[in-house]
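Notes for the structure review
Read off the chains here:
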Amino acid sequence: MKRIPYLDSHTGGEPTRLITSLPFDLGAGSVADKCSTLKAHHDDLRRTVLLEPRGSDVLVGAYLVPPADPTCQFGVIYFNNVGYLGMCGHGTIGLIASLAYLGRVQPGVIRVETPVGVVEATLHSPLPQGEGLGVRAGEYPNKVSVRNIPAYRHLTHVPVTVDGKTIHGDVAYGGNWFFLCHDHGLEVNMQNLEALTEFSWRVREQFTADGITGANGAEVDHVELFAAADEADSKSFVLCPGKAYDRSPCGTGTSAKLACLYGDGKLQAGKTWKQQSVVGSIFEGSIQIQDNRIIPTITGEAWVMSEGMILVDERDPFATGI
Ligand code: PYC
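Every value quoted in this text rests on a predicted model; they were computed, and no experiment measured them. (Residues numbered from 1 in each chain as written. Predicted model: local features only at pLDDT ≥ 70, side-chain atom pairs only at ≥ 80, totals over all residues. Heavy atoms only, no water.)

Observations concerning the pairing of strand β6 (residues 108-114)
Bridge count for strand β4 (residues 74-79) against β6 is 2 bridges, and the pairing is parallel. Paired with Gly75 across the strands is Glu113, a residue of β6. Pairing analysis gives 7 bridges linking β6 to strand β7 (residues 117-123), with the strands arranged antiparallel. Among the inter-strand pairings, Gly108 is bridged to a residue of β7, identified as Leu123. The turn joining β6 and β7, which pair antiparallel and follow one another in sequence, is formed by 2 residues. (Pairing = 2+ DSSP bridges. Helix = DSSP H or I, 4+ residues; strand = E, 2+ residues; numbered from the N terminus.)

As structure tokens, this is what we get:
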């Protein structure tokens with residue numbers, strides 16, 4: 001019987017399943033190298049941990065791995081129901097809040113190596129200034145700001161025709177690749193999830209058919225449909241690569257959005273932008289410009305919600321998921 005301990009959290013409704021120790025060695029390379037090794041040799045573990053019957057399409061997983069960069073405390077590799085992610089904003093907020101719950105980090109700055117670069121998380125102290133860095137009994141700090149890798153817009157106002165309707169959007173990078181669209185004409189709310197999902201999926205298929213990619217031929221595997229919001233600057237529906245929608249406002253998607261806003265002259269460095277998800281949760285985002293690069297910071301809260309042990313009986317026909 002294999003036993004794999006896990007800790008589940010959610011960030012604005014989007015779950016992260018944290019696996020703090022892997023049952024095999026991934027060598028001494030960078031986190032990007034470790035991710036390649038996982039893909040090539042250990043993809044069964046991703047399937048076991050995340051797919052039904054032990055998981056679901058909605059879950060995002062996070063493997064905690066040793067960093068190669070000596071300035072980092074942790075390395076992390078995010079994964080989903082169909083593969084691996086470059087970075088994950090909600091996942092990093094979930095990771096740091098989970099590590100705080102486990103007592104493995106204190107409020108302050110924590111550097112994390114991901115397959116696409118180093119991100120810097122700030123775990124905020126829940127106590128007012130002057131009351132120390134600690135927490136009230138039984139509580140753990142759960143508010144996290146993530147200074148992401150640089151974000152940028154790759155293509156502007158790209159037309160895509162779906163079901164005879166032509167829409168437009170930008171292709172931008174925030175740690176993953178996104179198509180960001182405003183003129184889709186759909187209501188962005190919980191009553192319209194099926195239509196939003198099907199439409200976004202068709203957009204993504206059409207992108208592939210049209211040969212539109214991110215830089216260096218990268219697949220644009222996330223679709224963001226934007227709409228006006230009452231309690232934030234904007235609301236969005238985000239479709240993830242495995243056809244589940246992001247319950248959070250999507251940290252990497254918000255980073256891509258901030259890069260486009262800056263490119264359009266609609267966001268200045270240091271100003272806060274509030275992005276709301278289709279379920280109503282909000283991330284605050286801002287950018288800094290450093291060496292002509294756009295560096296987004298995303299802030300949100302995560303909540304631990306389940307701690308346990310995945311059991312894998314080797315006789316189980318669904319040991320590696322459905
Ligand atoms: O928050 O960056 C994010 C994210 C990517 C996919 C799901 N969430």
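Section: the side chain of Thr92
By the secondary structure assignment, Thr92 is in helix α3 (residues 89-101). Beyond its immediate sequence surroundings of up to four residues, Thr92 is in contact with Tyr78, Met87, Val119 and Val146. (Contact = heavy atoms within 4.5 Å.)

Details of α3
With 13 residues, α3 extends 18 Å from end C-alpha to end C-alpha; this agrees with the ideal 18 Å at 1.5 Å per step. Where burial is concerned, most of α3 is hidden: 12 out of the 13 residues are buried. The complete set of buried residues in α3 reads Gly89, His90, Gly91, Thr92, Ile93, Gly94, Leu95, Ile96, Ala97, Ser98, Leu99 and Ala100. Note on α3: the residue one or two positions beyond its end, Gly103, has a positive phi of about 80°. (Expected span 1.5 Å × (residues − 1). Buried < 20%, exposed > 50% of the residue type's maximum accessible area, 1.4 Å probe, protein only.)

Points about the nonpolar core
If you look at the biggest cluster of nonpolar residues, it comprises 60 residues, and the most contacted ones within it are Leu95, Ile96, Phe179 and Phe237. Per-element tally for this core: the top contributor is α3, with 6 residues. Excluding its chain neighbours within four sequence positions, the residues that come into contact with Phe237 are Val188, Leu193, Leu196, Thr197, Ser200, Val223, Glu224, Leu225, Tyr245 and Val278. (Core = buried A, V, L, I, M, F, W, Y, C linked by side-chain atoms within 4.5 Å.)

Thoughts on the layout of surface pockets
In this model, the largest pocket occupies a volume close to 310 Å³. Lining the largest pocket are 21 residues, with Asp170, His182, Lys257, Asp264 and Lys266 positioned closest to its centre. Those elements giving two or more residues to the lining of the largest pocket turn out to be β9 (152-162), β10 (165-173), β11 (177-181), β12 (222-227) and α5 (251-263). Residues of the lining of the largest pocket, tallied by class, amount to 8 nonpolar, 6 polar and 7 charged. Put simply, the second largest pocket is a space of about 180 Å³. As for the second largest pocket, its lining consists of Lys39, Tyr84, Leu85, Gly86, Val116, Tyr173, Gly175, Asn176, Trp177, Glu219 and Asp221. (1 Å grid on protein atoms, 1.4 Å probe; cavity = no way out; pocket = protein on both sides within 12 Å on 5 of 7 lines; lining within 4 Å. Points joined across faces, edges and corners; volume = space filled by probe spheres on them. Nonpolar A, V, L, I, M, F, W, Y, C, P; charged D, E, K, R; others polar.)

Comments concerning the side chain of Ser145
Among the secondary structure elements, Ser145 is positioned in strand β8 (residues 143-147). For Ser145, a relative accessible area of 10% translates into the label buried. For Ser145, the side chain forms a polar contact with the side chain of Thr299, separated by 2.6 Å. With near-sequence residues (within four places) excluded, Ser145 lies in contact with Glu120, Ala121, Thr122, His124, Thr297, Ile298 and Thr299. (Polar contact = N/O pair within 3.5 Å; in protein donor to acceptor, adjacent residues only side chain to side chain.)

Some words on empty space enclosed by the protein
A complete count under the given rule lists 1 cavity of 30 Å³ or more for this structure. Space inside the largest cavity adds up to approximately 160 Å³. Of all the secondary-structure elements, those providing two or more residues to the lining of the largest cavity are α3 and α5. Residue composition of the lining of the largest cavity, grouped by class: 9 nonpolar, 9 polar and 3 charged.

Considering the site of the ligand
Contacts to the ligand come from Cys88, Gly89, His90, His222, Cys240, Asp246, Cys250, Gly251 and Thr252. A distance of 2.8 Å separates a nitrogen atom of the ligand from a polar side-chain atom of Asp246. Relative to its unbound accessible area of 250 Å², the ligand is 99% covered by the protein chains. Among the cavities detected, the one that contains the ligand is the largest cavity. Breaking the shell around the ligand down by element, the ones donating at least two residues are α3 and α5. Of the residues assigned to the shell around the ligand, the class counts are 3 nonpolar, 5 polar and 1 charged. (Near = heavy atom within 4 Å. Areas by Shrake-Rupley, 256 points an atom, 1.4 Å probe, with all protein chains shown as cover. Sits in = over half its atoms within 2 Å of the grid points.)

Here's the deal with the packing of aromatic side chains
Enumeration over the complete set of coordinates arrives at 8 aromatic pairs. Consider the rings of Phe79 and Tyr84, whose centres lie 6.4 Å apart with planes at 50°: the pair is tilted. Per residue, the accessibility class of Phe79 equals that of Tyr84, and both read buried. Cation over ring: Arg17 sits above Tyr6, and NZ or CZ is 4.5 Å from the ring centre. When the ring centre of Phe226 is taken as origin, the NZ or CZ atom of Lys257, which lies over that ring, is 4.2 Å away. (Phe/Tyr/Trp six-rings, centres within 6.5 Å; stacked < 30°, edge-to-face > 60°. Lys NZ or Arg CZ within 6 Å of the ring centre and 35° of its normal.)

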